[in-house]
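# Results of the structural survey
Okay, here's what each chain looks like letter by letter:
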Amino acid sequence: MDSVVRGLLVYAVLLVLVRICGKRTLSQTTTFDFVLLLIIAEATQEALIGADGSMTNAALLVVTLLWLDVLLSLAKQRFPNLERWIDGLPVVLIEDGRLMRDRMDKVRVDEADILEAAHDKHGLERLDQVKHAILERGGKISVVPWR
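Only a predicted model underlies this, so the values are computations on that prediction, with no experimental measurement involved.

## Some words on unusual backbone geometry
The residue Asp 96 is not glycine, and still its phi comes out positive at about 50 degrees. With respect to the element layout, Asp 96 can be found in the loop between β1 (91-95) and β2 (98-99). Taking the relative accessible area as the measure of exposure, Asp 96 reaches 40% and is therefore partly exposed. Even without being glycine, Arg 108 reaches a positive phi, approximately 60 degrees. Among the secondary structure elements, Arg 108 is positioned in the loop between α6 (101-106) and α7 (111-122).

## Section: the pairing of strand β3 (residues 130-135)
Two elements, β1 and β3, share 3 bridges in a ladder whose sense is antiparallel. In the strand pairing of β3, Ile 94 is matched with Ala 133. Across 5 bridges, β3 lies against strand β4 (residues 141-145) in antiparallel orientation. Bridge assignment links Leu 135 to a residue of β4, and that residue is Ile 141. Where β3 folds back onto β4 in an antiparallel hairpin, the turn is made up of 5 residues, including Gly 139, whose phi is positive at roughly 105 degrees.

## Thoughts on helix α4 (residues 55-78)
In this model, α4 (24 residues) spans 35 Å end to end at C-alpha, consistent with the 34 Å of a helix rising 1.5 Å per residue. Turning to α4, its buried residues number three or more, namely Asn 57, Leu 61, Thr 64, Leu 68, Leu 72 and Lys 76. Packing partners of the buried residues in α4 comprise α1 (2-21), α3 (31-49) and α5 (80-87).

## Considerations on a nonpolar patch on the surface
Nonpolar side chains collect at one region of the surface, where Val 13, Leu 14, Val 16, Leu 17, Ile 20, Phe 32, Val 35, Leu 36, Ile 39, Ile 40 and Trp 85 lie side by side and expose about 1000 Å² of accessible area between them. Of all the secondary structure elements, the ones that give two or more residues to the nonpolar patch are α1 and α3. Inspection of the secondary structure puts Ile 39 in helix α3. Look at Ile 39 and you get exposed, because its relative accessible area is 51%.

## Remarks on the sheet that holds β1
Backbone-to-backbone hydrogen bonds pair the strands of a sheet. The strands run either parallel or antiparallel. Strand order in the open sheet formed by 4 strands is β2-β1-β3-β4, and the pairing between neighbours is antiparallel. Unpaired on one side and paired on the other, β2 and β4 mark the two borders of the sheet. Here β1 pairs with β2 via 2 bridges, running antiparallel. Counted as the bridge partner of Glu 95 is Arg 98 from β2. α7 contacts β1, β2, β3 and β4 of the sheet and is inclined by roughly 65 degrees relative to β4.

Rules of the game
- Counting restarts for each chain: residues are numbered from 1 in the order of the written sequence.
- In keeping with the model being predicted, local features are shown solely for residues with a pLDDT of at least 70 and side-chain atom pairs are shown and tallied solely at 80 or more, while totals for entire chains, interfaces and linings include all residues.
- Note that water and hydrogens are dropped before the side-chain values are worked out from all heavy atoms of the structure.
- For the purposes of this entry, the term helix denotes a DSSP run of H or I that reaches at least four residues, the term strand denotes a run of E that reaches at least two, and both are numbered from the N terminus.
- In this scheme, a residue with accessible area under 20% of its type's maximum is buried, one over 50% is exposed, and one in between is partly exposed, where area comes from a 1.4 Å probe on protein chains only.
- Paired strands, in this sense, are two strands between which DSSP finds at least two bridges.
- Each residue after the first adds 1.5 Å to the expected span of a helix.
- Contacts are residue-level and defined by heavy atoms, with any inter-residue pair within 4.5 Å sufficient.
- Patches in this entry comprise residues that are over 30% relatively accessible and not in a salt bridge; like charges within 9 Å are linked, as are nonpolar side chains (Val, Leu, Ile, Met, Phe, Trp, Tyr) within 5 Å.
- Note on areas: these come from Shrake-Rupley sampling with a 1.4 Å probe, and a residue is covered only by the protein chains present in the view.
- A carboxyl oxygen of Asp or Glu within 4 Å of a side-chain nitrogen of Lys or Arg is what we treat as a salt bridge.
- Angles shown run from 0 to 180 degrees and are taken between the N-to-C directions of axes, each axis being a line fitted to C-alpha atoms and, for helices, limited to the stretch in contact.

Structure, rendered in structure tokens:
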């Protein structure tokens, strides 16, 4: 039972931390971010497993974490406010060609991030070619060019 409680607590802590860090943090993975992810995995592994490194304990933890993830997805379907809190809402970064700097600052996105998305998805070279840019719930930036 100790493993289940540990799993629930680690899941809750990671959920809150990911939400606080913001969606752009996880969508822009650099080499350092990957190393940081490995360090976090190592740190949480000790918190999850504790002194019991058995296969039974590991299986119980995996089942607990997957069960909790499924339960949370069902709860998000039933309670839209919970989904908005966990996954956030899309944020308009450019509206009718105007940069929304206050929103960009809040979600830690700069012009270079938007221009990179515009270039990757539409081959655009300048921000004045972007009509709308939206930071989606998953952390990607959607771009709508001027027609």
